[in-house]
Amino acid sequence: MSAAVCPGSYDPFTLGHRFVVAKAAERFERVIVAVVVNPNKQGMFSVPERIELIRDDCADLPNVEVRSWTGLLVDLVRDEDATTIVKGLRAETDFAYEAPMAQMNRELSGAETFFMLTDPRFAHVSSSLVKEVAKLGGDASPYLSPEIHRALMNRIEGVLRA
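As recorded in an unreviewed UniProt entry, the protein chain goes by Phosphopantetheine adenylyltransferase and comes from Gordonia iterans. Within the UniProt record for the protein chain, the comment given under Subcellular location (unreviewed entry) is "Cytoplasm". You can read under Cofactor (unreviewed entry) in the UniProt record for the protein chain the words "Mg(2+)".

Draft legend 1. Here's a closer look at the sheet that holds strand 4 (residues 84-89). Taken in spatial order, the five strands make up an open sheet running 3-2-1-4-5, and their pairing is parallel. Two strands in the sheet have a free side with no partner beyond their single neighbour: strand 3 (64-69) and strand 5 (112-117). Each neighbouring strand pair of the sheet contributes to a mean axis angle of 30°, computed without reference to strand direction. As defined by bridge partners, strand 1 (residues 3-8) adjoins strand 4 across two bridges and the pair is classed as parallel. In the sheet register, Ala4 faces strand 4, and the bridge partner there is Thr84. Sheet contacts for helix 2 (residues 47-57): strand 2 (30-36) and strand 3; angle to strand 3, the most-contacted strand, approximately 170°.

Draft legend 2. Quick peek at the packing of aromatic side chains. Tallied over the full model, the rule gives three aromatic pairs. Ring centres of Tyr10 and Phe13 lie 5.4 Å apart, and the angle between their planes is 65°; on these two criteria the pair is classed as edge-to-face. Accessibility classification places Tyr10 together with Phe13 in one group, the buried group. For the pair Phe28 and Phe114, a centre-to-centre distance of 6.1 Å together with 50° between the ring planes defines the contact as tilted. Here Phe28 is found in the loop between helix 1 (15-27) and strand 2, whereas its partner Phe114 is found in strand 5, with 86 residues between them in sequence. Looking at Phe28, the relative accessible area reads 12%, which means it is buried. Judged by its relative accessible area of 43%, Phe114 is partly exposed.

Draft legend 3. Quick look at the UniProt feature "binding site: substrate" (unreviewed entry) in the protein chain. As annotated in UniProt, the feature "binding site: substrate" (unreviewed entry) corresponds to Ser9, Lys41, Leu73 and Lys87 in the numbering used here. Structurally, Leu73 is set in helix 3 (residues 73-79). If we ignore the near neighbours within four places in the chain, the residues touching Leu73 are Val5, Pro7, Ile85 and Asn105.

About the cut-offs
- Residues numbered from 1 in each chain as written.
- Predicted model: local features only at pLDDT ≥ 70, side-chain atom pairs only at ≥ 80, totals over all residues.
- Heavy atoms only, no water.
- UniProt positions renumbered as here; feature names shortened; annotations may be inferred.
- Pairing = 2+ DSSP bridges.
- Helix = DSSP H or I, 4+ residues; strand = E, 2+ residues; numbered from the N terminus.
- Axes fitted to C-alpha atoms, helices over the stretch in contact; angles between N-to-C directions.
- Contact = heavy atoms within 4.5 Å.
- Phe/Tyr/Trp six-rings, centres within 6.5 Å; stacked < 30°, edge-to-face > 60°.
- Buried < 20%, exposed > 50% of the residue type's maximum accessible area, 1.4 Å probe, protein only.

Here you go:
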């Protein structure tokens, strides 16, 4: 059974992320969306919240699983008997950042990294930028599923009221 891992922080999971996961789900029998835990970063959403939002968003993709991961990505790849890591690229700067990690992951585990260009409509979209637009009163809805957009706006409103 072919399996791939799509790692990321996904805070929040954008339509660009969704595009890459859906394309991976067309090509692999199993896709594990790994919400990578970085103890040095405080996200807008907790890891369990991100997992729930992604699971809901990808509910129509039966071969997609979502879980958190702490530690070396290659250990998850081995544990899940996966052979491939799938990473979305928006621009050449993403490639420059991702290429050394892909080479290290191959050296450590033998896993190959497949780079997938995101839908051009989302090539300029990042989770950080979406949060910034929403916090400053802009419309982030074109970049998120309706449920994730609602969760983001509720979180921002809650922070503003606190």
